Amino acid sequence: MTESAVPVPLCLGIIGGTGIHQVEGLQLLGEHPGDNAYGSPSRPVQEGMVDGQRVFFLQRHGSPRAIPPHLVNYRANIEALRGLGVTHVVAINAVGGISPDMQPGRLVVPDQIVDYTWGREHTFDDGRSGALQHIDFTHPYDHALRLAIIEAAEAAGIPHEPSGVHAVTQGPRLETAAEVRRLAREGCDIVGMTGMPEAALARECGIAYATICMVVNPAAGLGDLPLTQDTMRDILQREAAVVRRLLGCLLPRLGAQGL
Ligand code: HPA
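Here is a short report on the structure shown in this document. Just so we're clear, the structure is a prediction, and the values are computed from it rather than from any experiment.

Focus on the overall build of the chain
So, point 1. Check the secondary structure of the chain and you find 5 helices and 11 strands.
So, point 2. Over its C-alpha atoms the chain spans a radius of gyration of 17 Å, differing by no more than 12% from the 18 Å that the globule rule assigns to 259 residues.
So, point 3. Along the three orthogonal principal directions, the C-alpha set of the chain runs to about 45 × 45 × 40 Å.
So, point 4. The buried share of the chain, reckoned over its 259 residues, is 49%.
So, point 5. Pairs at least 24 apart in sequence give 81% of the contacts found in the chain among residues at least 6 apart.
So, point 6. Here the chain displays about 12,000 Å² of accessible surface, and carbon together with sulfur accounts for 52% of that area.
So, point 7. Taken as two groups, the 20 positive and 28 negative side-chain charges of the chain have centres that lie 4 Å from each other.

Shown next, in the form of structure tokens:
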């Protein structure tokens, strides 16, 4: 596990996904363009204070134009946060629910990933160092950060699933029903399009990373209704409000306790 043996000074980044365009109560101190060797992040990184805790916020899909999951410059995003000194990232992802517990409206703090993405710039390793670098990704999410999220959800009385396997598909289309049956057979509980390579890139540069997933629809073939943007949007809006409440509980705790 990547649990820290000693408390690490914490500099928090939040990567907002669909529906999360700002951090509630953020007193803006400034915006950083964040341009780096890998390009420009999805949008400038906002720096601000929430309850005495310094936070860097980045909207993964940019704004006002939405960057689709397969075209997000994940390397530029993570490098921008790293360059600002971010040590811990809480990401937020919208997902479809596969296993029976993962119903729309549920929040999930996954503990595992199965990566089905392809063709994305998925590593900082360009081979030029001359040394083989195989990061340990046995436990893709930071254990201490996951626990902090789970404890904050418990303290706030927010129903959640404290574990789950997060399948990450290429998108931007949703899956076929047969693909979802296959994901279920392969042990996946939820499916989204933006969890990778973000998590692995964070690990490569030593950033502790965990995610809060919002289930916004039953995965393809599992629900009664057609998967439309409208039905997803309604649930997303409700869940985004719950995530904002969760962050409101998590941030002061991280500020007070560290990890
Ligand atoms: N599949 C993939 N990504 C998603 C889904 C889904 O069903 N819902 C929200 N993001």
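On we go from here.
Side note on the environment of Gly157
So, point 1. Turning to its location among the elements, Gly157 is positioned in the loop between α2 (143-155) and β8 (160-161).
So, point 2. Given a relative accessible area of 54%, Gly157 falls into the exposed group.
So, point 3. Spatially, the C-alpha atom of Gly157 lies 28 Å from that of Arg60, the residues being 97 residues apart in sequence.

A short note on the site of the ligand
So, point 1. All residues adjacent to the ligand are Ala94, Val95, Gly96, Leu174, Glu175, Val191, Gly192, Met193, Val216 and Asn217.
So, point 2. Contact distances for the ligand include 2.7 Å between a nitrogen atom and a side-chain N or O atom of Glu175.
So, point 3. Contact with the protein chains covers 92% of the free accessible surface of the ligand, which is 260 Å².
So, point 4. The set of elements that each furnish at least two residues to the shell around the ligand consists of β5 (88-97), β10 (190-192) and β11 (208-218).
So, point 5. For the shell around the ligand, the leading source of residues is β5, giving 3 residues.
So, point 6. Within the shell around the ligand, the residues separate by chemical class into 6 nonpolar, 3 polar and 1 charged.

Focus on the pattern of salt bridges
So, point 1. Inspection of every chain in the model, using the stated rule, returns 11 salt bridges.
So, point 2. For Arg106, the salt bridge identified is with Glu161, shortest N-O distance 3.0 Å. On the criterion of sequence distance, the pair formed by Arg106 in the loop between β5 and β6 (107-108) and Glu161 in strand β8 is long-range, its members being 55 residues apart.

Examining the packing of aromatic side chains
So, point 1. One pass over the full model with this rule turns up 2 aromatic pairs.
So, point 2. Measuring from centroid to centroid gives 6.3 Å for Tyr141 and Tyr209, while their planes differ by 15°, and the two rings are stacked. Placement of Tyr141 in the loop between β7 (112-115) and α2 and of Tyr209 in strand β11 is noted, with a sequence separation of 68 residues between them. Each member of the pair, Tyr141 as well as Tyr209, carries the same accessibility label: buried.

Some thoughts on unusual backbone geometry
So, point 1. Omega for the bond connecting Gly171 with Pro172 falls within 30 degrees of zero, at 0°, which places this linkage in the cis form.
So, point 2. Mapping Pro172 onto the fold places it in the loop between β9 (165-168) and α3 (177-185).
So, point 3. With an omega of 10°, the peptide bond running from Met196 to Pro197 counts as cis.
So, point 4. Summarising the element assignment, Pro197 is placed in the loop between β10 and α4 (198-204).
So, point 5. Positive phi, close to 50°, is recorded for Asp51, a residue that is not glycine.
So, point 6. Along the chain, the position of Asp51 falls in the loop between β3 (45-50) and β4 (53-59).
So, point 7. Taking relative accessible area as the criterion, Asp51 reaches 57% and is therefore assigned exposed.

Looking at α2
So, point 1. Between its terminal C-alpha atoms α2 stretches 18 Å, which fits the 18 Å expected from 13 residues at 1.5 Å a residue.
So, point 2. The set of residues buried in α2 consists of His143, Ala144, Leu145, Arg146, Ala148, Ile149, Ile150, Ala152 and Ala153.
So, point 3. Backbone nitrogen of Ala144 and a side-chain oxygen of the N-cap are separated by 3.3 Å at the start of α2; the cap is Asp142.
So, point 4. The first or second residue beyond α2 is Gly157, which carries a positive phi of 70°.

Regarding the environment of Met102
So, point 1. With respect to the helices, strands and loops of the structure, Met102 is situated in the loop between β5 and β6.
So, point 2. Sequence-wise, Met102 and Pro69 are 33 residues apart; in three dimensions their C-alpha atoms are separated by 22 Å.
So, point 3. Excluding anything up to four places from it in sequence, Met102 contacts Gly97, Val108, Glu161, Ser163, Gly164, Asp189, Ile190 and Val215.

A closer look at the environment of Gly164
So, point 1. Among the structural elements, Gly164 can be located in the loop between β8 and β9.
So, point 2. With 62 residues separating them in the primary sequence, Gly164 and Pro226 have C-alpha atoms 25 Å apart.
So, point 3. The contacts of Gly164, once residues within four sequence positions are left out, are Met102, Val109, Pro110, Asp111, Gln112 and Asp189.

Rules of the game
- Residues numbered from 1 in each chain as written.
- Predicted model: local features only at pLDDT ≥ 70, side-chain atom pairs only at ≥ 80, totals over all residues.
- Heavy atoms only, no water.
- Helix = DSSP H or I, 4+ residues; strand = E, 2+ residues; numbered from the N terminus.
- Rg over C-alpha atoms; globule rule 2.2 N^0.38 Å.
- Buried < 20%, exposed > 50% of the residue type's maximum accessible area, 1.4 Å probe, protein only.
- Contact = heavy atoms within 4.5 Å.
- Areas by Shrake-Rupley, 256 points an atom, 1.4 Å probe, with all protein chains shown as cover.
- Lys, Arg positive; Asp, Glu negative; His and termini not counted.
- Charge placed at Lys NZ, Arg CZ, Asp CG, Glu CD.
- Near = heavy atom within 4 Å.
- Polar contact = N/O pair within 3.5 Å; in protein donor to acceptor, adjacent residues only side chain to side chain.
- Nonpolar A, V, L, I, M, F, W, Y, C, P; charged D, E, K, R; others polar.
- Salt bridge = Lys/Arg side-chain N within 4 Å of Asp/Glu carboxyl O.
- Phe/Tyr/Trp six-rings, centres within 6.5 Å; stacked < 30°, edge-to-face > 60°.
- Expected span 1.5 Å × (residues − 1).

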